[in-house]
Amino acid sequence: MDFGIFTFGELSRDITTGSAMPPRQRLAEIIELAKLADQAGISFLGLGEHHRADFALSAPEIVLAAIARETTNLRLSTAVTVLSTQDPVRLFEQFATLDLISGGRAEIIAGRGAFIDSYPLFGHSTADYDALFDEKLRMLLELREHANLNWEGSLTQSIPGMDIAPRPLQDKLPVWVGVGGTPASFVRAGRLGLPLFIALLSGPQRFRRLVELYRQSAADAGHDGESLPVGAGGHFYAAPTSQQARDTFYPYYRAYFEQNMPRPVDHFPRSTFDDWSEPGGGLLVGSPQQVTEKLIEIHQALGNSRYMAQVGLGGLPFAETARSIELLATEIMPAVNRELMGTKTS
């Protein structure tokens, strides 16, 4: 399994002082975490796009370009790009440029977005929530295929045979589709033959049938559904012991839910946090052994070849986030892959 990390760059208020971290500091920390992940052998970094005052990453492509100059191996992506409110031409140009700067390490994970702030900000209606994404995704794929594009748009602009430049270093810029739990989104990704990234905000068993639907939809459209990559990701924190992990992380996770979710909650109880952390839950918080067991469970349910850990939630201090990433790289990743290799050879 391929492992990565991602962050939305949230600016949660400090649980002691009540002050929010300045965006400049948060961006500097994200670049340092990327360098740490690259040195530790983690293979992927994703940055989420958000357009609210409690997030620092409204322009993740710029931050990814800065990270490209500080790293050598990390693949660099958004997690996700809110494609419905982006101009696909501009997005392709930005990621082709990132691909050239990074030596061929750029990827796009495109989604509709659970946060809808960008819709009125960029002059779009949520009434077109799905139609915008569908047309812009098809346009993005055409941009990927053709250096000179003819395109007749309905919700997008029409392009009468114009150059699309620069072209990326990779022959085909990877485009993944980020999904939540909507069956139609799984069907669309399969029909287009695109890799799938699943946001696991609940246990993996809920998504087993949806992944089967995705692969069947791909096969029905003439693609090799079984060979298409599936990635999964969710909230993550590891510490030497389970109790230490839960006690340390809960106050910050509570802050994340009460401040930074699309619809913040008034109170996020410890009992819910503990339930989600148990086997079968979608929250990966615990000792390396416990997190490893949950990752194996996710793989058995979904057959995913990539896992992306969302790190540093709720204002978790930099040192704690860094230690958690180190445990992911030095203990969890090797244990998971030993187990998966053993399963393959048995």
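Just so it is clear, the structure is predicted and the values come from calculations on it, not from any experiment. (Residues numbered from 1 in each chain as written. Predicted model: local features only at pLDDT ≥ 70, side-chain atom pairs only at ≥ 80, totals over all residues. Heavy atoms only, no water.)

Here we come to helix 10 (residues 288–302). Taking 1.5 Å per residue, 15 residues should reach 21 Å; helix 10 reaches 21 Å between its end C-alpha atoms and fits that length. Turning to helix 10, its buried residues are Pro288, Val291, Thr292, Lys294, Leu295, Ile296, Glu297, Ile298, Ala301 and Leu302. Two residues or fewer past helix 10, glycine 303 is found with a positive phi of approximately 65°. (Helix = DSSP H or I, 4+ residues; strand = E, 2+ residues; numbered from the N terminus. Expected span 1.5 Å × (residues − 1). Buried < 20%, exposed > 50% of the residue type's maximum accessible area, 1.4 Å probe, protein only.)

Interhelical geometry of helix 8 (residues 242–259) versus helix 9 (residues 270–277) gives an angle of 120° and a closest axis separation of 10 Å. Between helix 8 and helix 9, the angle is such that the two are oblique. Crossing angle aside, the handedness with which helix 8 passes helix 9 is right-handed. Every residue of helix 9 that contacts helix 8 at Gln243, Arg246, Asp247, Phe249, Tyr250, Tyr253 and Phe257 is listed here: Arg270, Phe273, Asp274, Trp276 and Ser277. In terms of residue class, the contact of helix 8 with helix 9 is built from six nonpolar, two polar and four charged. (Axes fitted to C-alpha atoms, helices over the stretch in contact; angles between N-to-C directions. Parallel < 35°, antiparallel > 145°, perpendicular 65-115°, else oblique. Left-handed = near helix turned anticlockwise from the far one by under 90°. Contact = heavy atoms within 4.5 Å. Nonpolar A, V, L, I, M, F, W, Y, C, P; charged D, E, K, R; others polar.)

Okay, empty space enclosed by the protein next. All chains considered together, the criterion is met by one cavity of 30 Å³ or more. If you go around the largest cavity, the residues you meet are Glu49, His50, His51, Val82, Phe115, Asp117 and Ser118. Across the lining of the largest cavity, the residue classes break down as two nonpolar, three polar and two charged. (1 Å grid on protein atoms, 1.4 Å probe; cavity = no way out; pocket = protein on both sides within 12 Å on 5 of 7 lines; lining within 4 Å. Points joined across faces, edges and corners; volume = space filled by probe spheres on them.)

Before going further, it helps to examine the pattern of salt bridges. It is possible for side chains of opposite charge to pair when their charged atoms get near one another. A complete count under the given rule lists 20 salt bridges for this structure. In this structure, the salt-bridge partner of arginine 306 is aspartate 2, at a minimum N-O distance of 3.3 Å. Pair noted here: arginine 306 is in strand 12 (residues 306–310) and aspartate 2 is in strand 1 (residues 2–7), with a separation of 304 residues, a long-range link. Judged by relative accessible area, which is 5%, arginine 306 ranks as buried. (Salt bridge = Lys/Arg side-chain N within 4 Å of Asp/Glu carboxyl O.)

Summed over all chains, the structure comprises 15 aromatic pairs. On the numbers, 5.7 Å between centres and 55° between planes, the contact of tyrosine 253 with phenylalanine 273 is tilted. In this pair, tyrosine 253 sits in helix 8 while phenylalanine 273 sits in helix 9, placing the two residues 20 residues apart along the sequence. Each member of the aromatic cluster is reached from another via a ring pair, and the members are Tyr237, Phe249, Tyr250, Tyr253, Tyr256, Phe257, Phe268, Phe273 and Trp276. (Phe/Tyr/Trp six-rings, centres within 6.5 Å; stacked < 30°, edge-to-face > 60°.)

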